[in-house]
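Tertiary structure, described
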Amino acid sequence: MGGDGVFKAEMDAARSQFSSIGFPDSGPGTPGWIRCLSLDGPAGDKTDEYYRLSVGTGEITIKAAGGAGMYHGLQTLRQLFLSAAANGKQCIPCVEIEDWPRFPWRGLMLDCSRYFYSVPFIKKLIDVLSLHHISVFHWHLTDDQGWRLPIPAYPLLTEIGSRRFDKRRGRYLGGFYSHDEIREVVSFAGVRHVEVVPEIDLPGHAGSILAAYPGLGCTGGPYRVEDRFGIFEDVLCAGNDSIFDLAAAVFDTLGELFPSKYVHIGGDEVRFKRWEECPKCQNRLHETGLNEGRELQSWITVKLAGMLKERGKTAIGWDEVLEDSPRYGLPENVAVMSWRGVKGGIEAVRRGRQVIMSPNSSGCYLDYKHHDDLEEPGQLGISRISQLYALDPLAGMEGNARSLVLGAQANLWSELIYAGKIAEYMIFPRICALAEALWSGNAGPDDFLERLTGHRRRLDLLGLLQYRGEP
Ligand code: ACM
Ligand code: ZN
């Protein structure tokens, strides 16, 4: 492998990926010599992810405008090598490929609160996601059942908030990622051109915060890191200014660890009962000119988005952030992640907000079963491979609004996914279908299903557990 010296990081990553499947590096003039070159001439309006791959009888050439494009070209080549290796071959077909994605945001969310996945598992997952040209790893780091991110000024978030007592096993479960581990994951993903977007879920799904710092809740507790699953009444107290001190410390830490311009602030499934009953929250209502407790969510979103903006970051919220108060609205720079079907996404682009589609109604929830069968793991619904393949993030959107759609993602919530191996089974091969729908659009279900056999062989060769039933 060689090149013009521009793509060293991408080539180093590919070299070890290729040799691990029996395609060791070869030198100039030998068959399979890979040249990684900058695109000659201007890239025009081609995205940084654009590449050209040419496999001839002598050498292989990849040209790209940027590192991302080069990495994608190398991953397409890795797919060809994997297919050959799966068939016991040492040669790949001659091809000419010119390629670039339809959407920049092609994501997967992993819930590491309900189940604490190890760093080696997360790295292995990111590597295989990058093989499929997935561009975003959305890291759900906090929820009622566990806080996974050390914040120096708030040590109890991890000392108390990262562990929950599991009654079934009679012991504490949990863990957290050290700053060094987070840097390792972010850097590993960066080389693979996968952006890591952290999520800190506020002001609901905050059980692990309240267990650590009960003064931040409306009632003062007692609270616990939840062992049950569901939606809980206890949320951060909107009348207590200290919740913003905590948010500031968290955002500062995120700023140090994550280069992404996005921070996901959650905002989903907030219950308003405590705010209606709490004297401090009622004071806040009067002070802010609001009428109903529910409107405080909008006031909090505005504050959090502003704090992120000061730190050069853009907030993303689940689609509940659209249910704003007329007085405070939804800040322009908040991107919306549409999960309760597609209507939130459609409304958000109509209101001029950037959108990431992740509708639970169209296959994007990977905690749902693959198909309706008592023997299948999963809960709450069905997400079929064929639904994901048919996903069109622009469905129901018109005109210029469509340019506000960054792309789509699948989400793996982990209440019942208590091992990396089970996570693999829920993710694969559904993510292959979504990745292709977002990269190249829909070639038709029959076309994809024919190629699914090839996907399956590659996944097998990589040692990943996968679902093999009806698509
Ligand atoms: C969600 O599924 N609560 C975003
Ligand atoms: Zn309160």
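Preceding this paragraph is the structure being described.
Presented here is a report on the structure given in the accompanying data block. (Residues numbered from 1 in each chain as written. Chains lettered and ligands numbered in written order. Predicted model: local features only at pLDDT ≥ 70, side-chain atom pairs only at ≥ 80, totals over all residues. Heavy atoms only, no water.)

For the zinc ion (ligand 2), the full set of protein donor atoms is Cys218 (SG), Cys237 (SG), Cys278 (SG) and Cys281 (SG), and the range of their distances to it is 2.3 to 2.4 Å. Taken together, the four donor atoms coordinating the zinc ion (ligand 2) span angles of 106 to 111 degrees at the metal, a pattern that classifies the geometry as tetrahedral. Mapping the donors of the zinc ion (ligand 2) onto the primary sequence gives the spacing C-x18-C-x40-C-x2-C. Cys281 matches Cys278 in its accessibility class, with the two residues each being buried. (Donors = N, O, S within 2.8 Å, 3.2 Å for Na, K, Ca; no water. Tetrahedral: all angles 85-135°; square planar, octahedral: opposite > 155°, others 65-115°. Buried < 20%, exposed > 50% of the residue type's maximum accessible area, 1.4 Å probe, protein only.)

Relative to the 18 Å expected for 13 residues at 1.5 Å per residue, helix H3 (residues 119-131) spans 19 Å between its end C-alpha atoms, a close match to the ideal helical length. The buried count for H3 comes to ten of 13 residues, which makes it a mostly enclosed element. The complete set of buried residues in H3 reads Val119, Phe121, Ile122, Leu125, Ile126, Asp127, Val128, Leu129, Ser130 and Leu131. Where H3 begins, the side chain of Ser118 points an oxygen toward the backbone nitrogen of Phe121, at a separation of 3.2 Å. (Helix = DSSP H or I, 4+ residues; strand = E, 2+ residues; numbered from the N terminus. Expected span 1.5 Å × (residues − 1). Polar contact = N/O pair within 3.5 Å; in protein donor to acceptor, adjacent residues only side chain to side chain.)

Right, let's get into the sheet that holds strand E17 (residues 405-412). Spatially, the eight strands close up into a barrel ordered E6-E7-E12-E13-E14-E15-E16-E17, and their pairing is parallel. Across this sheet, the average inter-strand angle for adjacent strands is 30 degrees, counted without regard to direction. By the bridge criterion, five bridges tie strand E6 (residues 105-111) to strand E7 (residues 136-140) in an arrangement that is parallel. Directly across from Asp111, in E7, lies its bridge partner His140. (Pairing = 2+ DSSP bridges. Axes fitted to C-alpha atoms, helices over the stretch in contact; angles between N-to-C directions.)

Counted by the stated rule, this structure contains 20 aromatic pairs. Note on Tyr50 and Trp100: the rings are 5.8 Å apart at their centroids and 45 degrees apart in plane angle, and the pair reads as tilted. Taken together, the residues span a long stretch of sequence, with Tyr50 in the loop between strand E2 (33-38) and strand E3 (51-55) and Trp100 in the loop between strand E5 (95-99) and E6 at a distance of 50 residues. When its relative accessible area of 2% is taken as the criterion, Tyr50 is described as buried. Taken together, Phe116, Phe137, Trp139, Tyr177 and Phe258 form an aromatic cluster joined through their ring pairs. (Phe/Tyr/Trp six-rings, centres within 6.5 Å; stacked < 30°, edge-to-face > 60°.)

Okay, unusual backbone geometry next. For the peptide bond that leads from Gly221 to Pro222, omega is 5 degrees, which places it in the cis range. Checked against the element boundaries, Pro222 lands in the loop between helix H6 (207-212) and helix H7 (242-257). Across the junction of Phe428 and Pro429, the peptide omega takes the value 0 degrees, indicating a cis bond. For Pro429, the location among the structural elements is in the loop between helix H13 (420-427) and helix H14 (430-440). Phi at His133 is positive, roughly 65 degrees, even though this residue is not glycine.

When their charged atoms lie close together, side chains carrying opposite charge are able to pair. In this structure the tally under the stated criterion is 35 salt bridges. Of the charged contacts in the structure, one is a salt bridge between Lys63 and Asp40, with a shortest N-O distance of 2.9 Å. With Lys63 in strand E4 (residues 59-64) and Asp40 in the loop between E2 and E3, this residue pair connects regions lying 23 residues apart in the sequence. By relative accessible area, Lys63 is classed as buried at 19%. (Salt bridge = Lys/Arg side-chain N within 4 Å of Asp/Glu carboxyl O.)

Below, the discussion takes up the sheet that holds E3. Taken together, five strands build an open sheet; the order of strands is E1-E2-E4-E3-E5 and the sheet is mixed. Unpaired on one side and paired on the other, strand E1 (2-3) and E5 mark the two borders of the sheet. Judged from the five bridges that link them, E3 and E4 form a sheet pairing that is antiparallel. By the bridge assignment, Ser54 is partnered in E4 with Thr61.

Our next topic: the environment of Leu125. You can see Leu125 is positioned in helix H3. On the accessibility criterion, Leu125 (3% relative accessible area) is buried. Sequence spacing of Leu125 and Leu110 is 15 residues, and the spatial spacing of their C-alpha atoms is 10.0 Å. Among all residues touching Leu125, those that are not within four sequence positions of it are Leu108, Leu110, Phe137, Ile427 and Phe428. (Contact = heavy atoms within 4.5 Å.)

Take it as geometry only, folks, not as evidence of what the structure does.
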